[in-house]
Amino acid sequence: MSDSNRVRISYIEEVTRGTTPSGNLQAVNVTGHSISTTPSTVDSQTIRQDGNNYDTIRTDMVPGGGIPTELIFENADPWIESVFRSSFDSQISLSGTTFSIDASGSPITLDDSGSGLGSLKPNDAIIVSGFTDSNNNGVFLIGGNTAAGSVDIIAVDPDKTPTTEAAGDSVTITTTRLENGVTPKFFSIQEDNDLTGIFRAWKGSEFDTLTLTFTAGQVITAAFNMQAQSEPDISATIGTGYTAATTNEVINMEDGYVGTLIGLNGAAASSAPSCVTSVTYTITNNVRRTKGANCTKFGNGKFTVTATVTAFFSEKTIYDAFLANQTFSITSAAIDPSNQGYALTVPTMRFTGNDPSVPSGDSDIIATFTGTAKVSTVGSDTYSAILSKLG
């Protein structure tokens, strides 16, 4: 017997690509994997009078594949960093009784008489708790105006309408920012099966793709793809022990999806104008693996983000923006029952398609629109996407 339920995937970050450091391996909650090592071969061109193939020669071994996961808070953050070629900033955690909400005009602002908001930046998502009015708590996107004493905020949850509220409550505001960069991260990854005693490992592994999928009625998923330098033949663990995977809850659409914001042609973001049925983000760094005579090298490619959104075709605002070749911004957020989760913001995308075709009679008209990120410069920062860790 070889039972998939007895498999564990774990990893340790490398300092030197391909060299496993000493230490515990970090276990990860996964739903399977498709990692394999694919040989490249050529047939010998040596001529035989009997017409047979003289030999088939292996010219390379290419390890890599996918590791699908369910979205769980802090389950695979280093893998996300690898895709973004960056690292999460230090957490911003603000608390006190000096915070207030001003909803008397537009934009709505989060204010602080103690001038402690200066570390927040446009396109950060924050999670707020402690205000008396529940409409003032939850996940908010930071808008274009930021200062130590006041920042613009936009509620990601379409069911929340912030109200003016004076300071006095004990309020907490947290976020941790990740923006794409150019510094690769690589890992030694191990599979072990405690039933069969089989161990496999992949060294010099770099994650090149993350696909985040938000689909109505489903668990939110985070699917990774990796490329590795080598797969050594091992018979025991490559680590000194194991650190257990997180036990945080799986984030699902029914209870955890906060919402999706869309802003057209540079306008401030607001709730998607029609009912969204799914959002899929594909984030890739286009890492390339190149075989040398006696080495394997990895190169950094272009960081790209694509979005595919399906929504009821009940109004025409987004379709008109597509026809006019406008840009758009998009933010999606989800949290678990402990108010921990993630928000992804792509501040500038160009439409690459919009299809509201009618499939048949007795069916809903669901439009599918797609976009590709273009670079954004906001203040002194240049990036394509921001991932905010909430909680």
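See above for the structure.
The sections below set out a description of the structure shown in this document. Since the model is a prediction, treat every value here as computed from it, not as a measurement. (Residues numbered from 1 in each chain as written. Predicted model: local features only at pLDDT ≥ 70, side-chain atom pairs only at ≥ 80, totals over all residues. Heavy atoms only, no water.)

Some words on the overall build of the protein
Counting its regular elements, the protein contains three helices and 27 strands. In terms of overall dimensions, the protein has C-alpha extents of about 90 × 55 × 45 Å along its principal axes. Of all 391 residues assigned to the protein, the portion counted as buried reaches 48%. Long-range pairs, those at least 24 residues apart, make up 70% of the contacts in the protein between residues at least 6 apart in sequence. Roughly 17,700 Å² of accessible area belongs to the protein as shown, and the carbon and sulfur atoms make up 48% of that amount. (Helix = DSSP H or I, 4+ residues; strand = E, 2+ residues; numbered from the N terminus. Buried < 20%, exposed > 50% of the residue type's maximum accessible area, 1.4 Å probe, protein only. Contact = heavy atoms within 4.5 Å. Areas by Shrake-Rupley, 256 points an atom, 1.4 Å probe, with all protein chains shown as cover.)

Some details on unusual backbone geometry
Pro 107 follows Ser 106 through a cis peptide bond whose omega is 5 degrees. Of note, Pro 107 is situated in the loop between strand 6 (99–102) and strand 7 (109–112). Of note in the backbone geometry, Glu 74 takes a positive phi value of approximately 55 degrees without being a glycine. Take Glu 74: it is sitting in the loop between strand 4 (56–70) and helix 1 (77–84). Despite not being glycine, Asp 362 has its phi angle at roughly 55 degrees, a positive value. Within the secondary structure, Asp 362 sits in the loop between strand 23 (341–355) and strand 24 (366–373).

Focus: a nonpolar patch on the surface
Together, Phe 313, Val 358 and Ile 365 make up a nonpolar patch on the protein surface, roughly 240 Å² of accessible area in all. The topology assignment puts Val 358 in the loop between strand 23 and strand 24. Judged by its relative accessible area of 58%, Val 358 is exposed. (Patch = residues over 30% accessible without salt bridge, like charges linked within 9 Å, V, L, I, M, F, W, Y side chains within 5 Å. Salt bridge = Lys/Arg side-chain N within 4 Å of Asp/Glu carboxyl O.)

Some thoughts on the environment of Thr 176
One can find Thr 176 in strand 11 (residues 171–179). Thr 176 sits 51 residues away from Ala 125 along the chain, and the two C-alpha atoms are 8.6 Å apart. What Thr 176 contacts, discounting residues up to four positions off in sequence, is Phe 88, Asp 89, Ser 90, Gln 91, Leu 387, Ser 388 and Lys 389.

Remarks on the side chain of Asn 354
Assignment of secondary structure puts Asn 354 in strand 23. Once you skip the residues sitting within four places of it in the chain, Asn 354 turns out to touch Ile 318, Tyr 319, Phe 322, Ala 367, Thr 368 and Phe 369.

Things to note about the packing of aromatic side chains
Scanning the entire structure with this criterion turns up 16 aromatic pairs. Judged by centre distance (5.7 Å) and plane angle (75 degrees), the ring pair of Phe 207 and Phe 224 falls under edge-to-face. A residue pair is termed long-range when its members are at least 10 positions apart, and Phe 207 in strand 13 (residues 198–215) and Phe 224 in strand 14 (residues 221–227) qualify at 17 residues. By way of ring pairs, the aromatic residues Phe 313, Tyr 319, Phe 322, Phe 328, Phe 351 and Phe 369 are connected into one cluster. A cation sits over an aromatic face here: Arg 8 above Tyr 242, 3.5 Å from the ring centre. The ring of Phe 88 carries Lys 389 above its face, with NZ or CZ at 4.9 Å from the centroid. (Phe/Tyr/Trp six-rings, centres within 6.5 Å; stacked < 30°, edge-to-face > 60°. Lys NZ or Arg CZ within 6 Å of the ring centre and 35° of its normal.)

Structural notes on helix 1
The element helix 1 is extensively covered by neighbouring structure, given that seven of its eight residues are classed as buried. Restricting attention to buried positions, one finds in helix 1 the residues Asp 77, Trp 79, Ile 80, Glu 81, Ser 82, Val 83 and Phe 84. Once helix 1 ends, the next one or two residues include Arg 85, with phi positive near 50 degrees.

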